Structure formats: C-alpha cells, structure tokens
Amino acid sequence: MARAGTKNVPYYHLTLPSSRNSRDGRFIEKIGTYNPLLASEDPARVHIDAERAKYWLSTGVQLSDRVHVFFNRAGLVQT
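Everything numeric here is computed off the predicted structure, so don't read it as measured data. (Residues numbered from 1 in each chain as written. Predicted model: local features only at pLDDT ≥ 70, side-chain atom pairs only at ≥ 80, totals over all residues. Heavy atoms only, no water.)

**Q** I would appreciate a short explanation of the overall build of the protein in the present structure.
**A** Helix and strand counts for the protein come out as 2 helices and 4 strands. Sequence-ordered secondary structure for the protein, helices as α and strands as β, is β-β-β-β-α-α. A globule of 79 residues ought to have a C-alpha radius of gyration of about 12 Å, and the protein, at 13 Å, matches this closely. Along the three orthogonal principal directions, the C-alpha set of the protein runs to about 35 × 30 × 20 Å. Relative to its full complement of 79 residues, the protein shows a buried share of 28%. Across the protein, the fraction of contacts at a sequence separation of at least 24, relative to all contacts at a separation of at least 6, is 24%. Of the roughly 5700 Å² of accessible surface on the protein, 48% is carried by carbon and sulfur atoms. On the protein, the mean spot of the 11 positive side-chain charges and the mean spot of the 7 negative ones are 7 Å from each other. (Helix = DSSP H or I, 4+ residues; strand = E, 2+ residues; numbered from the N terminus. Rg over C-alpha atoms; globule rule 2.2 N^0.38 Å. Buried < 20%, exposed > 50% of the residue type's maximum accessible area, 1.4 Å probe, protein only. Contact = heavy atoms within 4.5 Å. Areas by Shrake-Rupley, 256 points an atom, 1.4 Å probe, with all protein chains shown as cover. Lys, Arg positive; Asp, Glu negative; His and termini not counted. Charge placed at Lys NZ, Arg CZ, Asp CG, Glu CD.)

**Q** So what exactly am I meant to see when it comes to unusual backbone geometry here?
**A** With a phi close to 65 degrees, N8 is a non-glycine residue in the positive phi region. Note on placement: N8 falls in the loop between β1 (2-6) and β2 (9-17). Accessibility expressed as a relative area gives 65% for N8, which makes it exposed.

**Q** In this structure, what is going on with the packing of aromatic side chains? I would like to understand it.
**A** What characterises a pair of aromatic rings is the spacing of the ring centres plus the angle enclosed by the ring planes. For the structure on display, the rule yields 3 aromatic pairs. When the ring of Y12 is compared with that of Y34, the centres are 5.9 Å apart and the planes differ by 25 degrees; the resulting orientation is stacked. Of this pair, Y12 sits in strand β2 while Y34 sits in strand β3 (residues 27-34), and the two are 22 residues apart along the sequence. The two residues Y12 and Y34 agree in class, both being buried. Taking 5.1 Å as the distance between ring centres and 75 degrees as the angle between the ring planes, the aromatic pair formed by Y55 and W56 counts as edge-to-face. Feature note: the residues Y12, Y34 and F70 constitute an aromatic cluster, connected by ring pairs. (Phe/Tyr/Trp six-rings, centres within 6.5 Å; stacked < 30°, edge-to-face > 60°.)

**Q** I'm lost on the sheet that holds β1 in this one. Help?
**A** Strand pairing in a sheet is mediated by backbone hydrogen bonds. Such pairs are either parallel or antiparallel. Across the sheet, which stays open at both edges, the 4 strands sit in the order β1-β2-β3-β4 with antiparallel pairing between neighbours. Strand pairing shows two members of the sheet lacking a second neighbour, β1 and β4 (46-48), which therefore form its edges. Going from strand to strand, the sheet's axes swing by 35 degrees on average, the running direction of each strand aside. Bridge count between β1 and β2: 5 bridges; the pairing is antiparallel. Within β2, the position partnered with T6 by the bridge is V9. On the sheet, helix α1 (residues 50-58) packs against β2, β3 and β4 and is oriented at approximately 130 degrees with respect to β3. (Pairing = 2+ DSSP bridges. Axes fitted to C-alpha atoms, helices over the stretch in contact; angles between N-to-C directions.)

Listed below in structure tokens is the structure:
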C-alpha cells in the first residue's frame, strides 16, 4: 500500500512494489485503492481490480497483512 492524501486525510493505493523499492516509491502496477475515512460498510472504501489481482496472485505475489484482509473480504484468497 502506498500512502497518498494529505496530513490527517490518508488515502492509499494498492500497489505491487518491487522488493528493491520503498513503500511509496516506484511500483509495478496499481491494482486498487483504499480510503480509511469512509465507513466500513461503504463499498467505495476498498476498490480492487479483481482480474489483475488474480493474475498477480497466480504469479506468487506476497500480500501484506492488511491487503490480505482486503483480498479475503473480496473473496480472492482464503484464510
């Protein structure tokens, strides 16, 4: 996840960074967004491009803990 937004107004991009780059640095592809300021029931809180996510999961990408929760709720991975 790459942080965007301003001070006290966070917004995150779900990205696929190379292991050689920093968290907010260069990335391979952007596959979604996360807005933590929206209510947890709001469908716009997390947006994931499911087709690209499935492709990258098939290549063996490693998910962070928070992104794993998002993918689990979207039905893309099993716990």
